[in-house]
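Survey of secondary and tertiary structure
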Amino acid sequence: MLSEMGSALQLFVNRLTSRSTLTRAEVTAVLNLTGRSKQIRGHVDLFRPGQQVDHTCLVVEGVVGRFGQSKNGLRQITCLYIAGDMADLPSVVSPNSGWGLSTLSNTTIMLVAHSDLRRVAATHPG
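Criteria and thresholds
Residues numbered from 1 in each chain as written. Predicted model: local features only at pLDDT ≥ 70, side-chain atom pairs only at ≥ 80, totals over all residues. Heavy atoms only, no water. Salt bridge = Lys/Arg side-chain N within 4 Å of Asp/Glu carboxyl O. Helix = DSSP H or I, 4+ residues; strand = E, 2+ residues; numbered from the N terminus. Buried < 20%, exposed > 50% of the residue type's maximum accessible area, 1.4 Å probe, protein only. Pairing = 2+ DSSP bridges. Core = buried A, V, L, I, M, F, W, Y, C linked by side-chain atoms within 4.5 Å. Contact = heavy atoms within 4.5 Å.

**Some details on the pattern of salt bridges**
- Under the definition given, this model contains four salt bridges.
- As a salt-bridge pair, R75 and D45 come within 2.6 Å of each other at their nearest N and O atoms. Of this pair, R75 sits in strand β5 (residues 75-81) while D45 sits in strand β2 (residues 45-47), placing them 30 residues apart in sequence.
- For R75, a relative accessible area of 39% corresponds to the partly exposed category.
- Residue classification places D45 among the partly exposed residues on the basis of a relative accessible area of 22%.
- Between D116 and R119 there is a salt bridge, with the nearest N and O atoms lying 3.8 Å from each other. On the criterion of helical spacing, the pair formed by D116 and R119 is a turn pair, its members being three residues apart in helix α3 (residues 114-123).
- According to the relative accessible area criterion, R119 is partly exposed, its value standing at 48%.
- Here the residues in one salt-bridge network are D45, R48 and R75, joined through shared partners.

So, in structure tokens, the structure goes:
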């Protein structure tokens, strides 16, 4: 499982470096992030719109969908996340989400604490 999480973090770094220049220290800081691994069957809500969260979900394996929900309960998937995607990264600055996340297949995620991400961002602004 550790190698799967490391692979997902490497995919995340690859996505970051495709758009931004990161120093070796910044890459190392991201690759050294830790979290709790969780395996979840398909069609399970990770959290719902309006719910406060204190972690982000790095997709290790599977597919996660971000969704909006109307007052009458209808949902619309607005984004898909695959391995290496930090599915709810905006929750680091806005922990009371305006969206929900749900697994669309059997999925493994790595729960990364907001506090750890804030620490990395403060130490390595790039």
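**So, the environment of G73**
- In this fold, G73 is placed in the loop between β4 (64-69) and β5.
- The sequence separation of G73 and S91 amounts to 18 residues, and the corresponding C-alpha distance is 22 Å.

**Looking at the pairing of strand β3 (residues 55-61)**
- Counting buried residues along β3, five of its seven residues qualify, which places the element largely inside the surrounding structure.
- Direction of pairing for β3 relative to strand β7 (residues 107-113): antiparallel, over a ladder of six bridges. Within β7, the residue paired with E61 across the bridge is T108.

**Details of the nonpolar core**
- Counting residues in hydrophobic clusters, the biggest one holds 18 residues, and the most contacted among them are L33, L58, M110 and L117.
- Elements represented by at least two residues in this core include exactly α1 (2-17), α2 (24-31), β3, β7 and α3.
- When residues no more than four places from it in sequence are discounted, the contact partners of L58 are A8, L9, F12, G84, D85, M86, T108, I109 and M110.
- By size, the runner-up hydrophobic cluster in this structure holds twelve residues, among which are V53, C57, V64 and W99.

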